[in-house]
Structure formats: C-alpha cells, structure tokens
Amino acid sequence: MYDVKITAIRKADYKDLQALYENPIEHTCDVQEGQTWVSKEGRMPEGMCESAWGSMREFVEALSRGEGNFYDGWMRNPYSAMISCNDGFRPVSFLLERI
C-alpha cells in the first residue's frame, strides 16, 4: 500500500451565506492553508477533521491501493485528486497525492 499526502490548499469563508443561513457557532474549522497530513494504509490521519475525511476517504483509500486516473484524466498527476470538504460555509480544498 502507498501513503497519501493530504495538503490543505485553500480555505474559503462565505460570511454572506453564514449571515443568511447559519446559526451562530462557537467553534469552526481549525484547518489552515498549507497544513499537511499523511494517510498510512488508507486510514484517517491523526488530527484530520472527521467531516473533511468523510469527503475524501474513498479517494485516499483508492490512491493508497495504487489506483488513480479518476474521471479519465481529470488531474495532471493521475495519482492525485483535489477534494473539498462538505462545509458549504467555509469549505477547504485538499490536494491528495500518492507518495
């Protein structure tokens, strides 16, 4: 099995949507741009947001098994994927790379 490097590439913050639809919350996403994790044997790395992991798990597991070329050439590097977490108010884009 391969390790998979996960890098937080971009974090958005949609304050207009938060003001319109979100109930006030005390704690939001702690992920910072540039932050990295390494998945071993397709498992969720320690410190990874569980919600973000839910969005990327299938891709990480596939990359760890040596699979790639998702969607027939979507990524320049066939052993990578760009996945966003499912938070519609402050989504984070993650680059997944087989290492």
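Structure: see above.
Residues numbered from 1 in each chain as written. Predicted model: local features only at pLDDT ≥ 70, side-chain atom pairs only at ≥ 80, totals over all residues. Heavy atoms only, no water.

A.B. asks: In this structure, what is going on with the nonpolar core? I would like to understand it.
C.D. replies: Soluble globular proteins tend to bury their nonpolar side chains together. Membership of the largest hydrophobic core comes to 20 residues, with the highest contact counts inside it found for Ile6, Trp37, Met48, Met56, Val60, Phe94 and Leu96. Among the secondary structure elements, those contributing two or more residues to this core are strand E1 (4-11), helix H2 (50-64), strand E3 (80-84) and strand E4 (92-98). In this structure Ile6 touches Gln35, Thr36, Trp37, Ser39, Pro45, Met48, Trp53, Met56, Val60, Phe94, Leu95 and Leu96, once residues within four positions along its chain are discounted. (Core = buried A, V, L, I, M, F, W, Y, C linked by side-chain atoms within 4.5 Å. Buried < 20%, exposed > 50% of the residue type's maximum accessible area, 1.4 Å probe, protein only. Helix = DSSP H or I, 4+ residues; strand = E, 2+ residues; numbered from the N terminus. Contact = heavy atoms within 4.5 Å.)

A.B. asks: Even after reading the chapter, I still don't get the side chain of Ser80, so can you show me in this structure?
C.D. replies: Within the secondary structure, Ser80 is located in strand E3. Here the side chain of Ser80 touches Asn77 through a polar contact of 2.7 Å, landing on its backbone oxygen. Setting aside residues no more than four positions away along its own chain, Ser80 makes contact with Leu63, Phe70, Met75, Leu95, Leu96 and Glu97. (Polar contact = N/O pair within 3.5 Å; in protein donor to acceptor, adjacent residues only side chain to side chain.)

A.B. asks: Whenever I open this one, the packing of aromatic side chains confuses me. Can you help?
C.D. replies: Each aromatic ring pair is characterised by the separation of its centres together with the angle its planes make. Scanning the model with the defined rule gives five aromatic pairs in all. With centroids separated by 5.1 Å and ring planes inclined at 75°, the aromatic side chains of Phe59 and Phe70 adopt a geometry described as edge-to-face. In this pair, Phe59 is assigned in helix H2 and Phe70 in the loop between H2 and E3, connecting sequence segments eleven residues apart. By relative accessible area, Phe59 is classed as buried at 16%. Measuring from ring centre to ring centre gives 5.5 Å for Tyr71 and Trp74, while their planes differ by 75°; the resulting arrangement is edge-to-face. (Phe/Tyr/Trp six-rings, centres within 6.5 Å; stacked < 30°, edge-to-face > 60°.)

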